[in-house]
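Here is what each chain is made of, one letter per residue.
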Amino acid sequence: MKIQGSVALVTGSNRGLGRALVSALLEAGADKVYAAARDVSRVASGDPRVVPLALDTSKPEQIAAAARAAGDVTLLVNNAGVSNSMNVLTASQAAMETDFRTNVFGTLAVIKGFLPVLEIARDGAAIVNVLSLVSLGSFPAMGGYSASKAAAYSITQSLRPELRRKRIEILAALPGPIDTDMVKDLPIPKTNPVDVARAVLAGVERGEEEIFPDPMAQQMRTLWSRSPKELERAFAAL
Ligand SMILES: NC(=O)c1ccc[n+]([C@@H]2O[C@H](COP(=O)([O-])OP(=O)(O)OC[C@H]3O[C@@H](n4cnc5c(N)ncnc54)[C@H](OP(=O)(O)O)[C@@H]3O)[C@@H](O)[C@H]2O)c1
């Protein structure tokens, strides 16, 4: 899908990667970007193409209202995500449920809510699920979060054949660590969110079903393509 002329919606757009995705979409020539956030007062505006939109992805009534308000969307970017559950033996059930509620069920609910909108896009439509490298192999230090992102990847695969028949592409962005609030306490190399956002959109333009938008992701892709076991071992050794 071409970003130029698209009408995009980005969830969780008030900070981090979501904010960078809004900027990258504008830079790449999107006609309009719905900047969705739980608190719209924190959305960066200033460009007349940005339309702030209230959307908590765990609230069905807000999803329905957003789909009514944004009936011209052609590119849905499911970026909203949380990371609460770390080691699976020590994380609380509540922390794991929060990660699954947002990363899996929230993402799926937004897709279902926007399907009637995407189906009627004249030249076809696309969905990008912002997942993670840990969708493909668990990082044990973030085992609960990894499980939620793996489930979201599986759902992305489940949807692909049916959505293809409706002329909707569904793509998985699989970044490594990004320099945002989510991993601010992790002392590891991280990629700038602006670079990740631009690389995600380049992958969308190429129609890549799996987008590896940063140097670590590309390195891990090599292992994963060779053998998923190698990726598992590499994460276990981190
Ligand atoms: N940072 C990384 O290293 C990394 C790596 C791979 C993938 N990712 C993925 O990239 C995406 C963006 O993460 P980030 O790094 O930008 O994290 P972030 O800085 O923590 O931002 C997360 C965003 O998601 C929003 N959000 C959380 N729950 C929501 C809900 N129920 N409804 C609507 N919005 C909600 C937050 O809104 P509030 O401000 O209201 O909390 C915030 O805007 C996530 O899906 C994350 O899993 C991140």
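Quick note: structure is the one above.
Here's a quick rundown of the structure. Treat the numbers as computed from the prediction; the structure is a model and nothing was measured.

Points about the packing of aromatic side chains
Stage number 1. The tally for this structure, following the rule as stated, stands at two aromatic pairs.
Stage number 2. Where Phe139 meets Phe235, the ring centres are 6.0 Å apart and the plane angle is 40°; that geometry is what we call tilted. Residue Phe139 is located in the loop between β5 (125–130) and α4 (143–165), and its partner Phe235 is located in helix α7 (residues 228–236); the two are separated by 96 residues in the primary sequence. A single burial state applies to Phe139 and to Phe235, both of which are buried.
Stage number 3. Seen from their ring centres, Phe212 and Trp224 are 5.8 Å apart, and the 45° between their planes marks the pair as tilted. On the criterion of sequence distance, the pair formed by Phe212 in the loop between β7 (210–211) and α6 (215–226) and Trp224 in helix α6 is long-range, its members being twelve residues apart.

What about α6?
Stage number 1. Given a rise of 1.5 Å per residue, twelve residues ought to cover 16 Å, and the 17 Å separating the end C-alpha atoms of α6 matches this to within 8%.
Stage number 2. Those residues of α6 that sit buried are Ala217, Met220 and Leu223. Mapping the buried residues of α6 onto a view down its axis gives an arc of 120°, with all of them on the same face. Away from the buried face of α6 by more than 90 degrees, exposed residues Pro215, Gln219, Ser225 and Arg226 are located.
Stage number 3. Summarising the contacts, the buried residues of α6 are in contact with α7.
Stage number 4. The backbone nitrogen of Met216 has a side-chain oxygen 3.2 Å away, supplied by the residue at the start of α6, namely Asp214.

Digging into the sheet that holds strand β3 (residues 50–54)
Hydrogen bonds between backbone groups are what pair the strands of a sheet, and the pairing can be parallel or antiparallel.
Stage number 1. The seven strands lie next to each other as β3-β2-β1-β4-β5-β6-β7, forming an open sheet whose pairing is parallel. Of all the strands in the sheet, just β3 and β7 have a single pairing partner and so form its edges.
Stage number 2. As paired strands, strand β2 (residues 32–37) and β3 are joined by five bridges and run parallel to one another. Note on β3: the bridge partner recorded for Ala35 is Pro52.

Considerations on the side chain of Arg160
Stage number 1. Inspection of the secondary structure assignment puts Arg160 in helix α4.
Stage number 2. Here Arg160 falls in the buried class, since its relative accessible area comes to 9%.
Stage number 3. If sequence neighbours within four positions are ignored, Arg160 has contacts with Ile170, Leu171, Ala172, Glu209 and Glu210.

Here's the deal with the pattern of salt bridges
Stage number 1. A full pass over the atoms with the stated rule returns eleven salt bridges.
Stage number 2. With a closest N to O distance of 2.9 Å, Arg15 and Asp181 form a salt bridge. Here Arg15 is found in the loop between β1 (7–10) and α1 (16–27), whereas its partner Asp181 is found in the loop between β6 (168–173) and α5 (193–206), with 166 residues between them in sequence.
Stage number 3. Here Asp56 makes a salt bridge to Lys59, at a shortest N to O gap of 3.7 Å.
Stage number 4. Ionic contacts of the salt-bridge type, sharing partners, join the residues Arg160, Arg164 and Glu209 into one network.

What counts, and where the lines are drawn
- Residues numbered from 1 in each chain as written.
- Predicted model: local features only at pLDDT ≥ 70, side-chain atom pairs only at ≥ 80, totals over all residues.
- Heavy atoms only, no water.
- Phe/Tyr/Trp six-rings, centres within 6.5 Å; stacked < 30°, edge-to-face > 60°.
- Helix = DSSP H or I, 4+ residues; strand = E, 2+ residues; numbered from the N terminus.
- Buried < 20%, exposed > 50% of the residue type's maximum accessible area, 1.4 Å probe, protein only.
- Expected span 1.5 Å × (residues − 1).
- Arc of directions from axis to C-beta.
- Contact = heavy atoms within 4.5 Å.
- Polar contact = N/O pair within 3.5 Å; in protein donor to acceptor, adjacent residues only side chain to side chain.
- Pairing = 2+ DSSP bridges.
- Salt bridge = Lys/Arg side-chain N within 4 Å of Asp/Glu carboxyl O.

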